[in-house]
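# Residue-level structure breakdown
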Amino acid sequence: MAKARHSRLDCNPGCAVEAAISLIDGKWKCVILWHLRESGVLRFNELRRNLPGVTQRMLTNQLRELEVDGLIEREVYPQVPPKVEYSLSERGKSLSPILEALKAWGDDNLSLFDERRKVTEAS
């Protein structure tokens, strides 16, 4: 089921940020976009192998939402068995600087996640 989207984007200065984040929120969307950015074109099972822990249903839903939002393109080849390839659209490619910035920030702050995991494990 598709998420509810903004009906008004003129509510306040933060609305543009909220609208942008609504396109890439979800546990797997940014990671999917990252792998497509790195590889160019991937098939469903290649994406699934790159995302340990994702269920088939979740990956399918995240891919559908990204496609509906115009961030990825899906090409179906008429053959048996069906061959489907995913790639970034031009709009999706425009997210590259943002994804690179998120990766750089994550690399610089990995210790935060280690500390949080230690606190959780100690509890």
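The structure this text deals with has already been given above.
This part is about the sheet that holds strand S3 (residues 83-88). Strands sit in the order S1-S3-S2 across an open sheet of 3 strands; the sheet is antiparallel. The open sheet is flanked by strand S1 (41-43) and strand S2 (72-77), the only strands paired with a single partner. Strand-to-strand twist of the sheet, defined as the mean angle between neighbouring strand axes without regard to direction, takes the value 30 degrees. Here 3 bridges tie S1 to S3, and the two strands are oriented antiparallel to one another. Across the sheet, arginine 43 pairs through a bridge with glutamate 85, a residue of S3. Across the face of the sheet, helix H2 (residues 29-39) comes into contact with S1, S2 and S3 while running at roughly 95 degrees to S3.

Let us now look at the packing of aromatic side chains. Under the counting rule described, the total for this entry stands at 0 aromatic pairs. Directly above the ring of tryptophan 34 sits arginine 37, whose terminal nitrogen or CZ lies 4.6 Å from the centroid. Lysine 83 extends its terminal NZ or CZ atom over the ring of tyrosine 77, reaching a point 4.9 Å from the ring centre.

Before going further, it helps to examine the pairing of S3. Two faces make up the sheet, and in a regular strand the side chains alternate between them. Within S3, 5 of the 6 residues are buried, leaving the element largely enclosed by the surrounding structure. Connecting the antiparallel pair S2 and S3 is a turn made up of 5 residues.

Before going further, it helps to examine the pattern of salt bridges. Tallying each qualifying case throughout the model produces 6 salt bridges. Of the charged contacts in the structure, one is a salt bridge between arginine 37 and glutamate 38, with a shortest N-O distance of 2.4 Å. Between lysine 83 and glutamate 85 there is a salt bridge; the shortest N-O distance is 3.6 Å. The class of lysine 83 is partly exposed, set by a relative accessible area of 21%. Since its relative accessible area comes to 18%, glutamate 85 is described here as buried.

Here is what the cut-offs are and how they apply
- Residues numbered from 1 in each chain as written.
- Predicted model: local features only at pLDDT ≥ 70, side-chain atom pairs only at ≥ 80, totals over all residues.
- Heavy atoms only, no water.
- Pairing = 2+ DSSP bridges.
- Helix = DSSP H or I, 4+ residues; strand = E, 2+ residues; numbered from the N terminus.
- Axes fitted to C-alpha atoms, helices over the stretch in contact; angles between N-to-C directions.
- Contact = heavy atoms within 4.5 Å.
- Phe/Tyr/Trp six-rings, centres within 6.5 Å; stacked < 30°, edge-to-face > 60°.
- Lys NZ or Arg CZ within 6 Å of the ring centre and 35° of its normal.
- Buried < 20%, exposed > 50% of the residue type's maximum accessible area, 1.4 Å probe, protein only.
- Salt bridge = Lys/Arg side-chain N within 4 Å of Asp/Glu carboxyl O.

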